[in-house]
Amino acid sequence: MDSKNDIRILAYESSCDETSTSVVKNGREIESLIVATQIKSHQRFGGVVPEVASRHHIEVISQITKEALAEANATWNDIDAIAVTYGPGLVGALLIGVSAAKAASMATGLPLIGVDHIMGHIMAAQLTDEIIYPALALQVSGGHTEIVLLKDPTHFEIVGDTRDDAAGEAYDKIGRVLGVNYPAGKTIDEWAHQGKDTFNFPRAMMEDDDYDFSFSGLKSAFINTCHHADQIHQELNKYDLAASFQAAVVDVLAHKTIRAIKQYQPKTFIMGGGVAANLGLRDRMEAEIANLPENLTPKVILPSLKLCGDNAAMIGAAAYNLYNEGKFSDLTLNADPSLELPYATEMLK
């Protein structure tokens, strides 16, 4: 192993339907990353079944702990801290990771660090490049669509949030109507690149003064369009449907995010979460930011596609920042399925 000055964190992530472990060095270098996916188990249900997810986590978590250490060529003696997602997420799924991490901490005497799942998604960027603060993140996943202000590596504040369906959730719901297996986002993105925006679906809250989002109306408009076509025996082009839906999502996300960048003037812009893997959104955000005046153009960090989904490496990255500030948890740490980042109380000047 390397210098004693290096900090290695063994991290756990089990908030939903991925069980993952990782060894991360100095918050930047992934020495191992194991992800046990459950997608095939949940596809037949059209979404994640919490009880099924929890059982799968139990089945694999001990084995993938061993695999993460082996892939990193490490023993417990080489690890400096243990990190785990403790919220938000499915309570049963979270409890498996939290219990495993607490057991490991108790057995080894290593410090324990509880990590907010959303903070982890955003800190996936830290594994890609150096973040210059203050930064602004667009966090888009199955359960969350948020614009988050990062004042420093551990102080995050939400400046915009979804009021109903998150973007990823809307993708999965319209995917069911189109007969696309869960998770639907990748397929919808691929189809969108083969179609045109011909349906002109609504862009909710686009011109509102705040940075909040709403995708429930878009989802309903999409479903109603498809149901009406079925009733009159009209066949709609699935590629145009996908392109029209994605255009509406991306228009709103890009418009509000660019406006937030102009107001908060961050030095770095980050995207995180599963929908951050959407190629249409990535291309649009890079193009919009490139068109900003030079004095308003932040550094852009888009994590690799493998780091957009749930993974333990992002938890290890976030935990390193908490480690440096001495923000440790004790063995009373518990799952918090409704955990939220704080909301911004004042604007960055």
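Residues numbered from 1 in each chain as written. Predicted model: local features only at pLDDT ≥ 70, side-chain atom pairs only at ≥ 80, totals over all residues. Heavy atoms only, no water.

K.L.:
Would you mind going over the environment of A344 in detail, with residue names and values included?
P.N.:
With respect to the secondary-structure elements, A344 resides in the segment after α10 (312-324). A344 gets classed as partly exposed once you look at its relative accessible area, which sits at 28%. Sequence separation between A344 and A184 is 160 residues, and the spatial gap between their C-alpha atoms is 32 Å. Discounting residues that sit within four places of it in the chain, A344 has contacts with E157, I158 and V159. (Helix = DSSP H or I, 4+ residues; strand = E, 2+ residues; numbered from the N terminus. Buried < 20%, exposed > 50% of the residue type's maximum accessible area, 1.4 Å probe, protein only. Contact = heavy atoms within 4.5 Å.)

K.L.:
Tell me about the nonpolar core, and name the residues and values.
P.N.:
I188, F245 and L281 are the most contacted members of the largest nonpolar core, which has 48 residues in total. Contributions of two or more residues to this core are made by β6 (135-140), β7 (145-152), α5 (167-177), α6 (185-192), α7 (216-231), α8 (238-264), β9 (268-272) and α9 (279-290). If one sorts the elements of this core by residue count, α8 sits on top with 14 residues. Beyond its immediate stretch of four places on either side in the chain, F245 contacts A170, Y171, I174, I188, F201, L218 and F222. In this structure, I7, I118, A313 and A319 belong to the second largest nonpolar core, which totals 37 residues. (Core = buried A, V, L, I, M, F, W, Y, C linked by side-chain atoms within 4.5 Å.)

K.L.:
Pulling in residues and values, what's your account of the packing of α8 against α9?
P.N.:
With their axes 10 Å apart at the nearest point, α8 and α9 run at an angle of 35° to one another. Remark: the crossing between α8 and α9 carries right-handed chirality. The segment α8 lies against α9, with Q246, V250, D251, L253, A254, T257, I258 and I261 engaging G280, L281, R284, M285, E288 and I289. Split into classes, the residues belonging to the contact of α8 with α9 amount to eight nonpolar, three polar and three charged. (Axes fitted to C-alpha atoms, helices over the stretch in contact; angles between N-to-C directions. Left-handed = near helix turned anticlockwise from the far one by under 90°. Nonpolar A, V, L, I, M, F, W, Y, C, P; charged D, E, K, R; others polar.)

K.L.:
Please provide a residue-by-residue account of the sheet that holds strand β4 (residues 81-87), values included.
P.N.:
Within a sheet, each strand pairs with its neighbour through backbone hydrogen bonds, oriented either parallel or antiparallel. Read from one edge of the open sheet, five strands run β3-β2-β1-β4-β5, paired in mixed fashion. Edge positions in the sheet fall to β3 (29-37) and β5 (112-116), since each has one partner strand and no second. Across the sheet, the mean angle from the axis of one strand to that of its neighbour is 20°, orientation sign disregarded. Of the pairings in the sheet, the one linking strand β1 (residues 8-13) to β4 comprises four bridges and is parallel in character. Paired with Y12 across the strands is V84, a residue of β4. Relative to the sheet, helix α3 (residues 91-108) contacts β1, β4 and β5, its axis offset from that of β4 by approximately 155°. Set on the sheet, α10 makes contact with β1, β2 (18-25), β3, β4 and β5; between it and β1 the angle comes to about 130°. (Pairing = 2+ DSSP bridges.)

K.L.:
How would you explain the pairing of β7 if you had to name every residue and give the values?
P.N.:
Burial analysis of β7 places six of its eight residues in the buried class, which makes it a mostly covered element. Two strands pair when backbone bridges link them, and β6 and β7 are joined in this way by six bridges, in the antiparallel orientation. Bridge pairing links Q139 to E146 in β7. The loop that links β6 with its antiparallel partner β7 comprises four residues.

K.L.:
Go over the side chain of H117 with me, naming the residues and quoting the values.
P.N.:
Relative to the helices and strands, H117 resides in helix α4 (residues 117-123). If we ignore the near neighbours within four places in the chain, the residues touching H117 are E13, S15, T85, G87, P88, D310 and M314.

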